[in-house]
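# Structure assessment
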Amino acid sequence: MTFDSGILARGASLLAVSSAVILAAWATPVQAAIVLDGTRVVISSDARSVTLGMQNTGDVPVLAQNWIDDGRQDALPADINVPFILTPAIVRVEPSGSAVVRISYTREPLPADRESLFYLNVMETPPRVAGAENALMFNIRTRIKIFFRPVSLKQGVGGAPGKLGWKLARSAKGKTVLEVANPTPYHVTLVGIGLYSKNGRVDAGSGMVAPFDTARFELPAAGISATQKGLSVRYEIVNDYGGLQPQDMRLLD
């Protein structure tokens, strides 16, 4: 078996092409062989580096191309400039084997009053089998959040979810939306947001609200009024370890 390393250079575009081929051919869903040891990475500004492990759960070796982006998920690695060094950039992981990537902060200035958000990408490429020129090859990308946290903010992250403020508002198109304000310096990831009234639950989806920012979640066209009282919102937040913690908040009048 040999690896086609040329495929890696076209990572983001090949991922889209591969996905289109899967849908067009009604093929069996392809699962990633590489599993990361976490769903997020938190880097404190006083840390020299952090590491993250990956495991190959498949039965063939794979090449993993690794890079960090600044939120532009379709940008090529060569076009992205971030204040981190990621090593190794490419690693071969044997079946049932493991590898470790190291993220080192280059000390370029980042905001000191809030978290900064980046993303770790791992693109895996299976080996090309000799004699199987017509076989489809699928590149699978895993993308997780990297939170860069100033050392002065290390102790307060646990209290951030309880400081969110929720209310009903109107969008520019006149629709009723659920709005959350985040007065804290932390990113807060919200899962399974539900708006509750005496008539039951309305699903508002999931998302994230950035530091000192607001986020809006669309609601069904009928059944909720921006002037409705006595509502509450329930959801789960994702903590630094990837665990889910339930929250129950009253809406602001």
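Structure's up top.
Residues numbered from 1 in each chain as written. Predicted model: local features only at pLDDT ≥ 70, side-chain atom pairs only at ≥ 80, totals over all residues. Heavy atoms only, no water.

Sheet architecture is open: four strands sit in the order E13-E12-E15-E16, paired in antiparallel fashion. Unpaired on one side and paired on the other, strand E13 (200-209) and strand E16 (244-250) mark the two borders of the sheet. Here the average twist between neighbouring strands, direction ignored, is 20 degrees. Where strand E15 (residues 232-238) and E16 come together, seven bridges link them in antiparallel fashion. Bridge pairing in E16 links Val238 to Leu244. (Pairing = 2+ DSSP bridges. Helix = DSSP H or I, 4+ residues; strand = E, 2+ residues; numbered from the N terminus. Axes fitted to C-alpha atoms, helices over the stretch in contact; angles between N-to-C directions.)

As a further point, take the side chain of His187. By the element assignment, His187 lies in the loop between strand E11 (176-182) and strand E12 (188-197). Sequence-distant contacts of His187, that is, excluding residues within four places in its chain, are made with Glu115, Ser116, Leu117, Phe147, Met208, Val209, Ala210 and Pro211. (Contact = heavy atoms within 4.5 Å.)

Summed over the entire model, instances satisfying the criterion amount to six aromatic pairs. An angle of 45 degrees between the planes, with centres 5.9 Å apart, marks the rings of Phe84 and Tyr105 as tilted. Residue Phe84 is found in strand E5 (residues 84-87), and its partner Tyr105 is found in strand E7 (residues 98-105); the two are separated by 21 residues along the sequence. Given a relative accessible area of 8%, Phe84 falls into the buried group. Note on Tyr105: relative accessible area 12%, which makes it buried. Measuring from centroid to centroid gives 5.1 Å for Phe84 and Phe118, while their planes differ by 80 degrees, and the two rings are edge-to-face. On the criterion of sequence distance, the pair formed by Phe84 in strand E5 and Phe118 in strand E8 (residues 116-125) is long-range, its members being 34 residues apart. (Phe/Tyr/Trp six-rings, centres within 6.5 Å; stacked < 30°, edge-to-face > 60°. Buried < 20%, exposed > 50% of the residue type's maximum accessible area, 1.4 Å probe, protein only.)

Take the side chain of Ser44 next. Along the chain, the position of Ser44 falls in strand E2 (residues 40-44). Residue classification places Ser44 among the buried residues on the basis of a relative accessible area of 13%. Separated by 2.4 Å, the side chains of Ser44 and Asp46 make a polar contact. Apart from the residues lying within four places of it in its own chain, the contact partners of Ser44 are Arg149, Val151 and Lys154. (Polar contact = N/O pair within 3.5 Å; in protein donor to acceptor, adjacent residues only side chain to side chain.)

The subject of this paragraph is the nonpolar core. One finds Met54, Ile68, Phe84 and Ile103 to be the most contacted residues of the largest nonpolar core, which totals 29 residues. Setting aside anything within four residues of it in sequence, one finds Ile68 in contact with Ile80, Val82, Phe84, Leu86, Ile103, Phe118, Tyr119, Leu120, Asn121 and Ile146. Core analysis: the next-biggest nonpolar cluster, separate from the first, contains 24 residues, Leu164, Val188, Val202 and Leu251 among them. (Core = buried A, V, L, I, M, F, W, Y, C linked by side-chain atoms within 4.5 Å.)

The four strands are arranged E1-E3-E7-E5 in an open sheet whose pairing can be described as antiparallel. Every interior strand has two partners, whereas the edge strands, strand E1 (34-36) and E5, have only one. Between one strand and the next, the sheet's axes are offset by a mean angle of 25 degrees, whatever the strand orientation. As defined by bridge partners, E5 adjoins E7 across four bridges and the pair is classed as antiparallel. Paired with Ile85 across the bridge in E7 is Ser104.

Honestly, it's all geometry; don't read function into it.
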